[in-house]
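Results of the structural survey
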Amino acid sequence: MKTRVKKIIDKYHNDKGFLVPILQDVQKEYNYLNREALNLVSAFLEVPISQLYELGTFYKAFSLKPRGRHEMKLCTGTACHVRGVPLMKDNIERILQIQAGETTPDLEFTFETVNCLGACALGPILVVDGEYHGNLSISKTNRILKKLGKKVKIDEES
Amino acid sequence: MKKVKTAQELKSLQEEIKNSRDPEKPCITICAGTGCLTYGSQKLVDNFRSEIEKQNLKGKVEVRASGCHGFCERGPLVVINPQNIFYQRVGLDDAEEIIKETVLNGQIIDRLLYVDPVTQEKILHEDEIPFYKRQMRLVFGMNGNIDPNSLEDYLAIGGYNALIKVLNGMEPEAIIEEIKTAGLRGRGGGGFSMGLKWEATRKAPGLPKYIICNADEGDPGAYMDRSLLEGNPYSILEGMLIGAYAIGSDTGYIYVRNEYPLAVKNITIAVEKARELGILGKDILGSGFDFDVLIVRGGGAFVCGEETALIASIEGRSGEPRAKYVFPSERGLYNKPTNINNVETWANVPLIINKGAEWYRSIGTENSKGTKIFALVGKINNTGLVEVPMGITLREIVYDIGGGIPKGRKFKAVQVGGPSGGCIPESHLDLQVDFDALSKVGSMMGSGGMIVMDDRTCMVDVALYFLKFLEEESCGKCTPCREGVHQMRLILERITEGNGKEEDLKTIEWMGKAIIDGSLCGLGGTAPNPVLSTLRYFRDEYEAHIKEKRCPAGVCKALITYTIDPELCTGCMVCAKICPVEAATGEKKEVHTIDQDKCIKCGACFESCKFDAVKVS
């Protein structure tokens, strides 16, 4: 782990001014900000670990907990909101039995909301593992979750 | 690309590129902005490329993946030149047919043309479509003509002419004067004069001086900055170069949202290519002017769009704003004079230098000059980015450009300016859009999100939506914003749950005023706007929630019930099959019913009923 973290820090020339991008890269590498990696960043750059935790909790992009195998991001921008996204959010939460922002205990799903993906013409939008699903509806969320192995009632004909 | 050392060399390179291009050569432009990409347009680009190879047309037909064209609703979009044929909703497998029919044989493929919904006429060219016809695409229009990763493309359309003009003997003071005269105001929300900002930073003591491009576009429902960065990154760099020269800065930052991967990629490529060509770096075009740009990715905090918070974030701290008794123009990044402008504002600069302040002044209203790009989204037929001259009416934007409300529903309001803005009702549709007119009706220009709402949108719910957003995004530094927005949210939540009290509305109103007066930065200072503006124009809806425990739009879960209309129900059983809690039941071909005790109001039956038999009340 030491060399991997060092490599990231080297990319930013050991510059403390790039703490946010460094943590972004660390998160990309390990899928979340784990304790060990943060300790290493703190040691290499000589910044207190508390400062890293401050950033880790302030910025939405960071996660201090491991993330699920499937990443679901539901756009809750204003355009999607007025097109009925709250109902779809409730539906996904009900099926996954977690709240938005959480990961299922079996580490299969991380479900989050994002403020705006800027693809409002297709709203509501759900991004599953990087793939965009536009013009979302409740039944579409059902079908997507069923495909990913959840038990969901769907109407086969529609 | 070979480095250019003088303005003359750059000019000749430009000429060389222009001359090497045959305007009659067929060119297929595919929109590859984020909107069209989500429809799969990258695949379409690949299909066109492989088809060209297959038919041995390499070198004879050009394929260009361009930035956003704006008409996201009808994507993927394809434009065939030189005839300028506009195809929309192009299927991923249509590449072969388009090349064979249109490019090689000049035949029009009817089904890919845009049909005017009013006249039912098929329209051949982009600029004849009502959506485009009423626009004035000065800043945004170039997107369709260039490949964002090609510096040659930008040079071919006259790119960097403004930079050449400036370095060829315009004094910094004269440039600032030009921008001041043009009357360009900040497009990111504040609406402050760009020229005055530049002047203050130039005059401020202390070196080095920094300039920053604010691309932390956090407003939900606004994406013009992203589309500019993705589609025409060189124009933003050119604007920054001119600004840096005028201000006397040698380092610029572009602070861009990490949620915009394509924008990050395209601006990074643009910076690298500009460096390679010698437009960024030391002694640019032999003028003795040094300037370079660093790209910083944001961490996903809305408040970082506020300039002092953004500066804190670049310095590697949490993005908390500070009180602005000293402006960043005096003490900004690393306590040095700093000039921050938004993406769209920077993109306007080359235009003003090229065409002159007087020309620019001729567009717009008395105190708002030029054009503005709006993101027209929500319950609207033609979703997309629209660039219009200041002073156009809301009605023209919503109906002429936007094509009105889908499914013939009734317009209720348009929310302008994002979480800091306000909802404007139908009675103000003839308002001439500019900075001052929007403020006067309790909204603001903001970053230019325009979210259209119809009669099925609950205004209390919308206000609550923005409060929730702002509560989450409040950095927590000052009390009025942190606690005030939280308390307001609790009250609004109570109202939507049917537990509102009559005095709540008064409480909200005075709290709103207190938050506006007491907050440290623009986030808190404008946070109550969505609530206060809806309360101003849609008080009756609030009262229906409080007094009658009723949500007129049928949105607030606690106040609605789903029932089945026995007249319309055909007994098709879809609702029974789909209901997750077995509340909807019934025998085949017999009227179904919903058990209200079991119903969780998930809306699944309402959405899936093909006969509109499920009613919300």
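1. Regarding unusual backbone geometry
In this model, G75 of chain B is joined to P76 of chain B through a cis peptide bond whose omega is -5°. In this chain, N81 of chain B is followed by P82 of chain B through a cis amide linkage whose omega measures 10°. Within the secondary structure layout, P82 of chain B lies in the loop between β3 (78–81) and β4 (85–87). One non-glycine residue, H13 of chain A, adopts positive backbone phi at about 50°. A positive phi angle, near 45°, is found at R89 of chain B, a position not held by glycine. Mapped onto the secondary structure, R89 of chain B falls in the loop between β4 and α4 (95–105). Its relative accessible area of 41% is what places R89 of chain B among the partly exposed residues.

2. Re the pairing of strand β10 (residues 338–342) of chain B
Residue and element names in this part refer to chain B. Burial analysis of β10 places 5 of its 5 residues in the buried class, which makes it a mostly covered element. Of the two faces of β10, the one holding T338, I340 and N342 and the one holding N339 and N341 are both buried throughout. Pairing of strand β7 (residues 210–215) with β10 involves 5 bridges; the strand directions are parallel. Bridge assignment links I212 to a residue of β10, and that residue is I340.

3. Quick notes on the sheet that holds strand β15 (residues 449–454) of chain B
Neighbouring strands of a sheet are bound in pairs by backbone hydrogen bonds; such pairs are parallel or else antiparallel. Residue and element names in this part refer to chain B. Spatially, 5 strands are ordered β12-β11-β15-β13-β14 in an open sheet, and the strand pairing comes out mixed. At either margin of the open sheet sits one strand with a lone partner, and together these are β12 (384–389) and β14 (422–425). In this sheet, adjacent strand axes meet at a mean angle of 30° when their direction is disregarded.

4. Considering the interface of chain B and chain A
With 61 residues of chain B at the interface, the matching set in chain A holds 40 residues. Where chain B abuts chain A, roughly 4100 Å² becomes buried across the two surfaces, and 55% of that area is made up of carbon and sulfur atoms. Of all residues in chain B, R297, Y465 and E607 of chain B bury the most surface against chain A, accounting for 14% of the area lost on that side. Joining chain B to chain A, the criterion identifies 4 salt bridges. With a shortest N-O distance of 3.2 Å, D25 of chain A and R297 of chain B are connected by a salt bridge. Where chain B packs against chain A, one counts 24 residue pairs in polar contact (both at pLDDT 80 or more). Mapped by element, the contributors of at least two residues to the side of chain B that touches chain A are α2 (34–38), α13 (307–314), β11 (371–378), β15, α18 (459–473), α24 (574–578) and α25 (604–608) of chain B. By residue number, the principal contributor to the side of chain B that touches chain A is α18 of chain B, which donates 7 residues.

5. Brief notes about helix α20 (residues 504–518) of chain B
All names here are of chain B. With 15 residues, α20 should reach 21 Å at 1.5 Å per residue; the first-to-last C-alpha distance of 21 Å fits that figure. All of the buried residues along α20 are D504, L505, I508, M511, G512 and I515. Down the axis of α20, the smallest arc covering the buried residues is 125°, so these residues share one side. Pointing more than 90 degrees away from the buried face of α20 are the exposed residues K506, W510, K513 and D517. The inward-facing, buried residues of α20 contact α19 (479–496), α21 (522–526), α22 (529–537) and α23 (539–547).

6. What about the side chain of H69 of chain B?
Within the secondary structure, H69 of chain B sits in the loop between β2 (62–66) and β3. If near-sequence neighbours (up to four positions away) are discounted, H69 of chain B is found in contact with T29, C31, L77, V79, E126, Y132, R137, F140 and G144 of chain B.

7. Quick notes on the sheet that holds β3 of chain B
All names here are of chain B. Here we have 4 strands laid out as an open sheet, ordered β2-β1-β3-β4, and mixed in their pairing. Edge positions in the sheet fall to β2 and β4, since each of these pairs with one other strand and no more. Geometrically, the sheet is characterised by an average inter-axis angle of 20° between neighbouring strands, direction not taken into account. Pairing of β3 with β4 involves 3 bridges; the strand directions are antiparallel. What sits directly across from V78, in β4, is Y87.

8. Here's the deal with the state of the cysteines
All names here are of chain B. Per the counting criterion, the structure on display carries 0 disulfides over all chains. Just so you know, C36 is unpaired, no disulfide at all, and the nearest cysteine sulfur is the one on C31, 3.6 Å from it. In this model C72 remains outside any disulfide bridge; the closest cysteine sulfur is found in C68, 4.3 Å from its own. Owing to a relative accessible area of 5%, C72 belongs among the buried residues under this scheme.

9. Structural notes on the packing of helix α10 (residues 224–231) of chain B against helix α12 (residues 261–277) of chain B
Residue and element names in this part refer to chain B. At a closest axis distance of 7 Å, the pairing of α10 and α12 adopts a crossing angle of 40°. What the angle tells us is that α10 and α12 run oblique. Here α10 runs over α12; the crossing is left-handed. In this structure, α10 contributes R226, L229 and E230 to the contact, and α12 contributes L262, A263, N266 and I267. Across the contact of α10 with α12, the residue classes tally to 4 nonpolar, 1 polar and 2 charged.

10. Structural notes on the environment of D216 of chain B
Residues and elements named next belong to chain B. Within the secondary structure, D216 is located in the loop between β7 and α10. Take D216: its relative accessible area is 7%, and that puts it in the buried class. For the pair D216 and N258, spaced 42 residues apart in sequence, the C-alpha separation works out to 8.6 Å. Filtering out sequence-adjacent residues up to four positions away, D216 remains in contact with Y255, R257, A301, F302, C304 and G305.

11. A few points about the pattern of salt bridges
All names here are of chain B. Scanning all chains against the criterion turns up 49 salt bridges over all chains. With its nearest N and O atoms 3.2 Å apart, the salt bridge here joins R226 to E230. Separated by 4 residues within a single helix, R226 and E230 lie in helix α10, roughly one turn from each other. Among the salt bridges present, the one from R489 reaches E471, with a minimum N-O distance of 2.6 Å. Here E471 lies in helix α18 and R489 lies in helix α19, a separation of 18 residues in the sequence. We classify R489 as buried; its relative accessible area is 15%. With a relative accessible area of 22%, E471 lands in the partly exposed category.

12. Notes on the domain arrangement of chain B
Residues and elements named next belong to chain B. For chain B, the domain assignment lists domain 1 (25–81 + 85–124), domain 2 (151–360), domain 3 (371–454), domain 4 (459–547) and domain 5 (561–616). Distance between the C-alpha centres of domain 2 and domain 3: 27 Å. In this assembly, 17 residues from domain 2 lie in contact with 21 residues from domain 3. If you sort the residues of domain 2 by the area they bury against domain 3, R187, Y223 and M224 come out on top, with a joint share of 36%. Here domain 2 and domain 3 share 2 salt bridges between them. For the side of domain 2 that touches domain 3, the element with the highest residue contribution is α10, accounting for 3 residues. When its residues are assigned to classes, the side of domain 2 that touches domain 3 shows 7 nonpolar, 6 polar and 4 charged.

13. Comments concerning the nonpolar core
Residue and element names in this part refer to chain B. In terms of nonpolar packing, the biggest core is built from 128 residues, with L10, Y160, W198, L237 and F291 touching the most fellow members. Counting residues per element, this core draws most heavily on helix α11 (residues 233–247), at 10 residues. Look past the residues within four positions of Y160 in its chain and what remains in contact with it is L10, L151, Y154, L155, Y234, L237, E238, L241, A274 and I279.

14. Comments concerning the domain arrangement of chain A
One frequently used descriptor of interface size is the decrease in accessible area upon assembly of the parts. Segmentation of chain A into domains returns domain 1 (2–58) and domain 2 (70–147). Taking the mean C-alpha position of each, domain 1 of chain A and domain 2 of chain A sit 30 Å from one another.

Thresholds applied
- Within any chain, residue numbers begin from 1 and follow the written order of that chain's sequence.
- Each chain is given a letter, starting from A, and each ligand a number, starting from 1, according to the order in which they appear as written.
- For this predicted model, a pLDDT threshold of at least 70 governs which residues receive local features, and a threshold of 80 or more governs which side-chain atom pairs are given and counted, while totals over whole chains, interfaces and linings are taken from all residues.
- Here the side-chain values reflect all heavy atoms present in the structure, with hydrogen atoms and water set aside.
- Only runs of H or I of at least four residues qualify as helices and only runs of E of at least two qualify as strands under DSSP, and these elements are numbered from the N terminus.
- Partly exposed describes any residue whose relative accessible area lies between the buried limit of under 20% and the exposed limit of over 50%, with all areas from a 1.4 Å probe on protein chains only and scaled to the type maximum.
- Strand pairing is defined by DSSP finding a minimum of two bridges between the two strands.
- Note on definitions: angles span 0 to 180 degrees between N-to-C directions of axes, and those axes are lines fitted to C-alpha atoms, for helices only across the stretch in contact.
- The contact criterion used throughout is that any non-hydrogen atoms of two residues lie within 4.5 Å.
- Buried area is understood as the total, over both parts, of accessible area removed when two parts are fitted together, assessed with a 1.4 Å probe.
- Note on definitions: salt bridges are taken to be side-chain nitrogens of Lys or Arg within 4 Å of carboxyl oxygens of Asp or Glu.
- For this analysis, a polar contact is any N or O atom pair within 3.5 Å, provided that within protein one partner can donate a hydrogen and the other can accept it, and provided that sequence-adjacent residues contribute only side-chain to side-chain pairs.
- Every helix has an expected span of 1.5 Å times one less than the residues it contains.
- This arc corresponds to the set of directions leading from the helix axis out to the C-beta atoms.
- Note that a disulfide, as used here, is simply two cysteine sulfur atoms within 2.5 Å.
- Orientation is classified from the angle alone, with under 35 degrees giving roughly parallel, over 145 giving roughly antiparallel, 65 to 115 giving roughly perpendicular, and any other angle giving oblique.
- Less than a right angle of anticlockwise turn of the near helix away from the far helix marks a crossing as left-handed, whereas a clockwise turn marks it as right-handed.
- Note on residue classes: Ala, Val, Leu, Ile, Met, Phe, Trp, Tyr, Cys and Pro are nonpolar, Asp, Glu, Lys and Arg are charged, and everything else, Gly too, is polar.
- Boundaries between domains were set according to an automatic or database domain assignment.
- Side-chain atoms within 4.5 Å link the members of a nonpolar core, which is a set of buried Ala, Val, Leu, Ile, Met, Phe, Trp, Tyr and Cys residues.

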